[in-house]
Amino acid sequence: MNEFLYSKEIECPVCLHKISVTKVKSRGCKVQKRDSDFCVHYETINPLFYDAWVCKHCGYAAQSDKFSNISYKECDVLKEKLMPKWKGRSFEGERTIDDALEAFKLILISHQIRGVNASELAKVCMRIAWLYRFKGNEEEKELEFVEYALKFYSQTYETESFPADKLDENTCTYMIAELNFRAGNYEESVKWFSRLIGSAEARKNPVLMETARDQFQLVKEKLKK
Ligand SMILES: [Zn+2]
């Protein structure tokens with residue numbers, strides 16, 4: 001196995017089987033750059049490839065920090081609707097981008113069966129878009145998932161109370177503005193960036209404000225053309 005990877009035994013909270021998950025040693029992760037939608041590029045191994053944990057026995061999948069965080073009721077629904085269809089697939093060991101994409105799409109399936117909040121779906125769709133970006137030749141698929149993420153961030157803004165898990169209102173506003181920009185909806189993007197920049201509350205986050213101002217300029221230039 002890759003020198004930056006190691007495995008850990010855990011118990012699947014749905015089927016209770018022991019499974020082995022692959023983790024990345026933190027010293028292996030060296031940041032190269034961050035995109036304006038917070039996608040992180042790494043010089044070495046990318047921990048995002050290993051963030052989607054999948055149980056090979058029942059098909060349950062979730063992000064690593066949330067894997068154990070599931071109710072009995074959700075477990076029952078997954079046992080009824082997911083387990084009978086699961087054909088068995090292991091994601092242990094080193095992963096390609098395509099393995100990571102497949103694992104994240106399995107999270108979407110588990111999430112939809114469980115009926116999770118829009119903020120959770122937004123997070124997963126955003127990561128799938130980033131994985132397509134890393135592939136470098138799948139802009140259409142990337143855009144498709146940028147648009148899904150945008151839809152779910154917009155739903156989050158309308159229906160959830162902040163902070164929605166770790167997502168605060170300013171970051172959610174920023175994501176709606178930025179993803180509208182990436183999707184080519186420049187007028188919508190300007191509207192949301194203006195809302196963020198005009199907010200007194202958002203000034204408490206100077207880093208986000210600075211990025212928002214830079215992006216706001218870029219969208220306005222696009223609109224002029
Ligand atoms: Zn399981």
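Counting starts from 1 at the beginning of each chain's written sequence and moves along it residue by residue. Where local features are concerned, this predicted model is filtered to residues with pLDDT of at least 70; where side-chain atom pairs are given and counted, the filter is 80 or more; whole-chain, interface and lining totals use all residues. Side-chain numbers come from the whole structure's heavy atoms, not from hydrogens or water.

Peer 1: How should I be thinking about the pattern of salt bridges in this particular structure?
Peer 2: Think of it this way: side chains of opposite charge can pair up when their charged atoms draw near. When a carboxyl oxygen of Asp or Glu lies within 4 Å of a side-chain nitrogen of Lys or Arg, that pair is called a salt bridge. All told, the structure shown has 21 salt bridges when counted by the stated rule. K33 is the partner of D35 in a salt bridge, and the nearest nitrogen-oxygen pair spans 3.9 Å. On the basis of relative accessible area, D35 is assigned to the buried category, the value being 16%. A relative accessible area of 42% places K33 in the partly exposed class. What you see here is one network of salt bridges that share partners, running through K33, D35, D37, R133, E142, E178 and R182. Burial classes: relative accessible area under 20% of the type maximum marks a residue as buried, over 50% as exposed, and values in between as partly exposed (1.4 Å probe, protein chains only).

Peer 1: How should I be thinking about the coordination of the zinc ion in this particular structure?
Peer 2: Six octahedral donors around a metal ideally make angles of 90 or 180 degrees; four tetrahedral donors ideally make 109.5 degrees. Sodium, potassium and calcium take a 3.2 Å donor cutoff, other metals 2.8 Å, and in both cases only N, O and S atoms count; water is not among them, so sites may look incomplete. Here the zinc ion is held by C12 (SG), C15 (SG), C55 (SG) and C58 (SG), and the distances to it run 2.3 Å. On the primary sequence, the residues serving as donors to the zinc ion are separated as C-x2-C-x39-C-x2-C.

Peer 1: Is there a simple way to think about helix α4 (residues 139-159) in this case?
Peer 2: Since the α-helix advances by 3.6 residues per turn, residues separated by three or four positions end up pointing in the same direction. Only DSSP runs of H or I with at least four residues qualify as helices, and only runs of E with at least two residues qualify as strands; both kinds are numbered from the N terminus onward. Take the residue count of a helix, subtract one, and multiply by 1.5 Å to get its expected span. Between the first and last C-alpha of α4 there are 30 Å, a value that for 21 residues agrees with the 30 Å anticipated at 1.5 Å per step. Here α4 has its buried residues at E142, F145, V146, A149, L150, F152, Y153 and T156. On the buried face of α4, the contacting elements are α2 (97-114), α3 (118-135) and α5 (169-182). Whether two residues are in contact is decided by their heavy atoms: any pair within 4.5 Å suffices.

Peer 1: Looking at this structure, how should I read the pairing of strand β1 (residues 5-11)?
Peer 2: For two strands to be treated as a pair, DSSP must find no fewer than two bridges joining them. For β1 and strand β2 (residues 18-24), the ladder comprises 7 bridges, and the chain directions are antiparallel. Bridge assignment links L5 to a residue of β2, and that residue is V24. Linking β1 back to β2 in an antiparallel pair, the connection comprises 6 residues, with L16 at a positive phi of about 70°.

Peer 1: Sorry, what's going on with unusual backbone geometry here?
Peer 2: Glycine aside, residues mostly have negative phi angles, and peptide bonds mostly take the trans form. With an omega of -5°, the peptide bond running from F162 to P163 counts as cis. With respect to the secondary-structure elements, P163 resides in the loop between α4 and α5. Positive phi, close to 70°, is recorded for L16, a residue that is not glycine. When you line up the elements, L16 lands in the loop between β1 and β2. Relative accessible area serves as the criterion here: at 55%, L16 is assigned to the exposed category. Even without being glycine, F38 reaches a positive phi, approximately 75°. Within the fold, F38 resides in the loop between β3 (31-34) and β4 (40-42). With a relative accessible area of 33%, F38 lands in the partly exposed category.

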